[in-house]
Each structure stands twice: as structure tokens, then as C-alpha cells.
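Per-entry structural report
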Amino acid sequence: MSFETSTVLLPRPLRILHVGIAYEPARNYGGPVRSLKALCEGLTFLGHACTVCVTDSDGKSNTHVDTAHPVITKEATIRYFRSPKCLYFGYSPAMQAWLREHVTDYDIVHISGVWSFPERYASEAARQKRIPYIISPRGSCDVNLVRRRLMLAKFAYTHLFDRKNFKCAAAIHYTTESEEKKSILRNLCQSSFVVPNASSFL
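We now turn to the structure provided with this report. Bear in mind the structure is a predicted one, so any value in this text is a computation, not a measurement. Every chain is numbered on its own, with residues counted from 1 as its sequence reads. A pLDDT threshold of at least 70 governs which residues receive local features in this predicted model, and a stricter bar of 80 or more applies before side-chain atom pairs are shown or counted, although totals over entire chains, interfaces and linings include all residues. Computation of side-chain values: all heavy atoms of the structure, hydrogens and water removed.

Another point: the overall build of the protein chain. A run of H or I in DSSP becomes a helix once it reaches four residues, and a run of E becomes a strand once it reaches two; helices and strands are each numbered from the N terminus. Regarding its fold elements, the protein chain presents 6 helices and 8 strands. Sequence-ordered secondary structure for the protein chain, helices as α and strands as β, is β-α-β-β-β-α-β-α-β-α-α-β-α-β. Each residue gets one of three labels from its accessible area relative to the maximum for its type: buried under 20%, exposed over 50%, partly exposed in between, using a 1.4 Å probe on protein chains only. For the protein chain, the residues scored as buried account for 47% of the 202 residues in total. Long-range contacts, defined as pairs at least 24 residues apart, comprise 69% of the intrachain contacts of the protein chain with a sequence gap of at least 6. Carbon and sulfur atoms provide 54% of the accessible area of the protein chain, an area that totals close to 10500 Å². For this analysis, residues touch if any pair of their heavy atoms sits within 4.5 Å. Only the protein chains shown count as covering a residue, and every accessible area follows the Shrake-Rupley method with a 1.4 Å probe.

If you want it as C-alpha cells, here you go:
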């Protein structure tokens, strides 16, 4: 989706909290990091206030970022939290505590990615405080992909830990119609929409 040609306008400026495992300068997570940055650029261009809440993980190592203070960029305020272990899955008690305290500072929460600690932290905090949240699986819930990558383990994880988080989401965001049709989340959350990844233009 190019925000230059988009005609979709939200009724008023929103305070949007984006939650995920990683953000720039992380490189090992690839497309999701770039698409989240582009999304923030577009939303900021439209007048909304974006805050990004991520860990300092870059897969197998930590990035050298400031975890003590918010980092201000042109597209968002970035809050990095230390991930002391389970780096690839974004384990961060500090992030969990911050979300529980500050999720009510925002109008809506956008969760980028699944099968991760940040997704659990954000959806649970938002649900408990009655803040609407949207989850973007980023292709990770394709039934064929899950079947190739430990399908039974991921199904078990979903039903044991994340079933309520998905079911209570305001909507699931897919980037293509094919992703929506093949998603294992279709029976858990009835509300969904399709919007392609944003294009960076700032």
C-alpha cells in the first residue's frame, strides 16, 4: 500500500503503539522490520503519533541501542527493551512490565508478528486494559508454512497460550488475500482485513 495514493483516513489523530521483536538497526529479521518502519512513516505522514516498543534483539545477538531512554526518529518514538535470553523470540521482562503500565497511554495497539513474547505481552496487557489491538502475523500463520515448521508444536502453543489473545483481537491484519485464506487463525478471530505492506516514501 502506498500512502501517497491511499484514500483511507482515520477520523482523528491516534496514539498508536506498535509492538514487535525488533526494529532498526536490527537486520536479521528482514522484511518485518522494514515494513514496520514504512508503516510508521505513513501513519506519521497522516498525522498520527507512533510509538514502537521492541527488544534489542537481532536474532542471535543484541543490537547496540539505548534501552534506558526513548529514541526519537522522524517516523516514531522507539522504546528498546533488553532481551537477556531467548533472543530470537524476544523474551523481555522489562518490556512486559512497561506494557502493563503504559498500554493505556494509547488508543490502539498494533502487534507485528506472532509466536513471540512481545505478541503475548502486548495482547494480554491490551486485553486486560480494554485497549483494542490488531495482530499482523506477517505470513507466519500460513497452514502450509506451519505444517513444515513444527505444526503440532505451534498448534499446541496457540491453544495453550495464545488462543484467547487471538480470539480477543479487534482484527487480524493480512498483507494478501492468499495469506488470509491460508491462515490457521481464521477460526479463532472472525474479524480480519487485507492491506499490503506499506511503501517507504519519507
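Quick look at the packing of aromatic side chains now. Within 6.5 Å between ring centres, the rings of Phe, Tyr and Trp (the latter by its six-membered ring) count as paired, and their orientation is classed by plane angle as stacked under 30 degrees, edge-to-face over 60, tilted in between. A full pass over the atoms with the stated rule returns 6 aromatic pairs. Considering the side-chain rings of Y91 and F117, the 5.2 Å spacing of their centres and the 80° angle between planes classify their relative orientation as edge-to-face. Of the two residues, Y91 sits in the loop between β4 (77–81) and α2 (93–102) while F117 sits in helix α3 (residues 117–128), which places them 26 residues apart along the sequence. Where W98 meets Y106, the ring centres are 6.5 Å apart and the plane angle is 50°; that geometry is what we call tilted. Y106 shares its class with W98; the two are buried.

Moving on to the nonpolar core. Definition used in this section: a nonpolar core is a set of buried Ala, Val, Leu, Ile, Met, Phe, Trp, Tyr and Cys residues joined via side-chain atoms within 4.5 Å. Membership of the largest hydrophobic core comes to 29 residues, with the highest contact counts inside it found for L17, V19, C53, L99, V109, I135 and L185. Breaking this core down by element, the ones donating at least two residues are β1 (15–19), α2, β5 (108–112), α3, β6 (133–136) and β7 (171–174). Apart from the residues lying within four places of it in its own chain, the contact partners of I135 are I111, G113, V114, N165, F166, A169, A171, I172 and H173. Within the second largest apolar cluster, 13 residues are counted, among which are L14, I16, L39 and Y80.

Turning our eyes to something else, we now look at the sheet that holds strand β3 (residues 71–72). Strand pairing follows a simple DSSP-based rule, namely that at least 2 bridges must link the two strands. Pairing in this open sheet of 8 strands is mixed, and the strands run β3-β4-β2-β1-β5-β6-β7-β8 from one edge to the other. Strands at the two margins of the open sheet, each flanked by one partner only, are β3 and β8 (192–194). Here the axes come from fitting lines to C-alpha atoms, over the contacting stretch only for helices, and the angles between their N-to-C directions go from 0 to 180 degrees. The sheet contacts of α3 involve β1, β2 (49–55), β5 and β6, and relative to β5 the element is tilted by about 160°.

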